[in-house]
Amino acid sequence: MIAVIDYSMGNLRSVAKGLERVGAQARITRDPRVMAEASHLVLPGVGAFRDCMRKLDEYGLIDPLLRAIESGKPFLGICLGLQLLFEESLEFGRHKGLGLFKGRVTRFPSPLMEDSTELKVPHMGWNDISKVRENPLLEGIPDGTYFYFVHSYYCVPDEPDITLATTDYGVRFVSAVARDNITACQFHPEKSQQAGLRVLENFSRMG
């Protein structure tokens, strides 16, 4: 059973439906006991970094989440669920994250340019990934595959070896990471059609 963590800040139903479409059993929950019993954990996220950390703390989910990850269960962070893994975010001030990866979350520069064209922020829509290394999360995903993105901030890791894939949008940013049982992506697999379903299927088979 895959626990989709509910802290009132994610695209929960779409993520759960995506997992179910690839044959996984998904349960939306904020119950620490369910998280402890689950075989896998997914942390979706939509909204502001500060508010998400506040909600996780308010619902008493930070310690159960960290314990589950430390136990070795496969974990997938999606969009803001990726950003929360880092030490801090510079979104509306400076805010502490979960600290599982060293580095920070910062906003796309302004103006954001590609050649002589000004790009819009948030980065919203389809964009391709460049694979940096192989990992079970991206098994069967060709280099240059397009995924759906919606974000104004991106992660800057201090540990380059965690990077799985990058994407170019005015700047080249990290769009997928992995270390041990922890995987995460800036794009939304649940909104990325067949390629996204393949990512969810790959994750469900981990462990």
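These remarks concern the structure in this document.

The rules we used
- Residues numbered from 1 in each chain as written.
- Predicted model: local features only at pLDDT ≥ 70, side-chain atom pairs only at ≥ 80, totals over all residues.
- Heavy atoms only, no water.
- 1 Å grid on protein atoms, 1.4 Å probe; cavity = no way out; pocket = protein on both sides within 12 Å on 5 of 7 lines; lining within 4 Å.
- Points joined across faces, edges and corners; volume = space filled by probe spheres on them.
- Helix = DSSP H or I, 4+ residues; strand = E, 2+ residues; numbered from the N terminus.
- Nonpolar A, V, L, I, M, F, W, Y, C, P; charged D, E, K, R; others polar.
- Buried < 20%, exposed > 50% of the residue type's maximum accessible area, 1.4 Å probe, protein only.
- Pairing = 2+ DSSP bridges.

**As for the layout of surface pockets**
- Approximately 200 Å³ is the volume attributed to the largest pocket.
- Along the wall of the largest pocket there are 15 residues; nearest its centre are Gly47, Cys79, Val150, His151 and Ser152.
- Of all elements in the fold, only helix H5 (80–83) and strand E12 (146–151) reach the threshold of two or more residues within the lining of the largest pocket.
- Considered class by class, the residues forming the lining of the largest pocket number 6 nonpolar, 7 polar and 2 charged.

**Brief notes about the pairing of strand E16 (residues 182–185)**
- A two-sided burial pattern is seen for E16, the buried positions comprising Ile182 and Ala184 on one face and Thr183 and Cys185 on the other.
- Pairing of strand E4 (residues 75–78) with E16, which is carried by 4 bridges, proceeds in the parallel orientation. For Phe75, the partnering residue across the bridge sits in E16 and is Ile182.
- Here 4 bridges tie strand E15 (residues 171–179) to E16, and the two strands are oriented antiparallel to one another. Counterpart to Val177 in the pairing with E16 is Ala184.
- Count of turn residues in the E15/E16 antiparallel hairpin: 2 residues, of which Asp180 carries a positive phi of about 55 degrees.

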